[in-house]
Structure formats: structure tokens, C-alpha cells
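# Examining the three-dimensional arrangement
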Amino acid sequence: LKDQLKIVDMGSGKSYLTFALYNYFVNQQNVKTKITGIEQREELVAFSNELADKCSFGKLNFVEGSIQETRVQGADIVVALHACDTATDDAIFKAIESKVEIIIVAPCCQHYVRKSMEDPKFVQSVTKNGIHKERLAVMLTDSLRALTLEAFGYKTKVIEFIDAEHTDKNVMITAVLDKNAAFDEKRLAEINELKSTFGVKDYYLDTLLFE
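Residues numbered from 1 in each chain as written. Predicted model: local features only at pLDDT ≥ 70, side-chain atom pairs only at ≥ 80, totals over all residues. Heavy atoms only, no water.

## Quick notes on the packing of aromatic side chains
So the rule is basically this: Any Phe, Tyr or Trp ring, taking Trp's six-membered ring, that has another such ring centre within 6.5 Å forms a pair; planes under 30 degrees apart are called stacked, those over 60 apart edge-to-face, and the others tilted. A run of H or I in DSSP becomes a helix once it reaches four residues, and a run of E becomes a strand once it reaches two; helices and strands are each numbered from the N terminus. Exposed residues in this analysis have more than 50% of their type's maximum accessible area, buried residues have under 20%, and partly exposed residues fall in between, with area computed by a 1.4 Å probe over protein chains only.
Using the criterion set out here, one finds 8 aromatic pairs in the structure. An angle of 40° between the planes, with centres 5.9 Å apart, marks the rings of F19 and F57 as tilted. A residue pair is termed long-range when its members are at least 10 positions apart, and F19 in helix α1 (residues 16-28) and F57 in the loop between α2 (42-54) and β3 (60-64) qualify at 38 residues. Of the two residues, F19 and F57, both sit in the buried class. Taking 5.8 Å as the distance between ring centres and 20° as the angle between the ring planes, the aromatic pair formed by F19 and F62 counts as stacked. One end of the pair, F19, is in helix α1; the other, F62, is in strand β3, with 43 residues separating them in the sequence.

As C-alpha cells, then:
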């Protein structure tokens, strides 16, 4: 076991999740843990650091910055809750690049793929309804993300993490690195087949990892 668990929360926002993680690992599980929240809005960073000080959460701090500019080398866990559109992909990319052992993301506002997605004939009777096309684009986006993680040696699950009555943005992708796994060409073939089927030129994450 490591002397200290290191967690990075990408796009920590008002930091509800960040504080909950710290409380869980440190106060409930008694695990030595250092957590850093990354947030672009200066006022939220200042607020969260002040609150962490008031709570005497000594190993919890917040840093002003973007997900794209964040370095996560040495992190054991990377989380990103409701990082909007391609910000989720930036978080996944940073984590894969640094071979982070555990990645947990809850995607939000998946618009990138829908802009270029074409409707294959066999689903056109479904996607003629705009809301169904929107949902299909969301499923396609998150499926491509999960397959990408699997291609890079992660054991991946896509789950519902909160009841739909609270929010419809309730899909979570969890990924645990198998350090002995080689790059999975079969997963890459599945990715390319999906892209071809739906006329997707790229889904952003692939431009970060494969080009």
C-alpha cells in the first residue's frame, strides 16, 4: 500500500464531491489521502480553500486552472463529475496519458459527436424524433469513451450512479487499469466500426490519443 493516496478532481466546481471524497477516505476509511481540486473560476477556488481550512481538512486544496493544462502525474485516482462536453475527454486523456490507476467520470452535455453524426438507415425511424437522436448521440459518445479506455488496458463499467428523478445526467464511467494489459487492437477495431457506421469523423478523445 502507498503511504498516501493521491486524488485529482478535474473541474471541481463548488467542490461537493471533493469534500465528500476527502471525508470518506480520511474520516471514514482512515486512509492517508491528499486531494487536489482543479477549477477555472477563481472565486470558487478561494471559497473551497477557505472552507477546507475551516473544516481542518489539511490535505485538501484547490488550484485555479483548466483540465487541459492540468498535469496528473503521480495521481492514483482521477475524477471528473459533470465536466461539460469535451472536458470529460480532456480528463480521460490526461489520466490515460499518466497511466492513472482509477478513472471515474460522469459525462455531461455530450454535443461533440452529435454535430457530425449521421443516421444509418436502420435507425432513421427512431432518430426522426430529435430527443431520441440526442439520446443516441449520448450513448454513442460514452460507448466510444468506454471502448477507448478498454483499448488502453482499463477494465471499464458504465453505470447509473444516481436516480434519474434527481438528474438525467446520471451515467458514470469507471475504469481500473490492468497494468499487465497490452493495447487492445480489437477494441480499436470496434471503435472504427462504430465511427464508420454513424459517419463520425472523430469523437475528440481519439484526436488526443491516436493522432
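## What to know about the environment of G74
By secondary structure assignment, the location of G74 is in the loop between β3 and β4 (77-84). For G74, a relative accessible area of 48% puts it in the partly exposed group. Between the alpha carbons of G74 and L21 there is a distance of 18 Å; along the sequence they are 53 residues apart.

## Points about helix α3 (residues 87-97)
Let me state the cut-off plainly: Residue contacts are defined here by distance: any two heavy atoms, one from each residue, within 4.5 Å place the two residues in contact.
Burial runs high along α3: 10 of the 11 residues are buried. Residues of α3 that are buried: A87, T88, D89, D90, A91, I92, F93, K94, A95 and I96. Next to the buried residues of α3 lie β1 (5-10), β4, β5 (102-108), α6 (130-151), β6 (154-160) and α8 (205-209). Phi turns positive one or two residues past the end of α3, at K99, with a value near 55°.

## A short note on the sheet that holds β6
Stated formally: The rule for pairing is simple: two strands pair if DSSP sees at least two bridges between them. Interaxial angles span 0 to 180 degrees and are taken between N-to-C directions of axes, which are lines fitted to C-alpha atoms, for helices over the stretch in contact.
Pairing is mixed in the open sheet, where 7 strands are placed in the order β3-β2-β1-β4-β5-β7-β6. Looking at which strands have only one partner, the edges of the open sheet turn out to be β3 and β6. When strand polarity is set aside, the average angle formed by the axes of neighbouring strands in this sheet is 15°. Examined bridge by bridge, β6 and strand β7 (residues 171-177) share 7 bridges and lie antiparallel to one another. Each residue of the ladder has a partner; that of E160, found in β7, is V171. Sheet contacts for α2: β2 (33-39) and β3; angle to β3, the most-contacted strand, approximately 165°. Sitting on the sheet, α6 touches β5, β6 and β7, and the angle it makes with β6 is about 155°.

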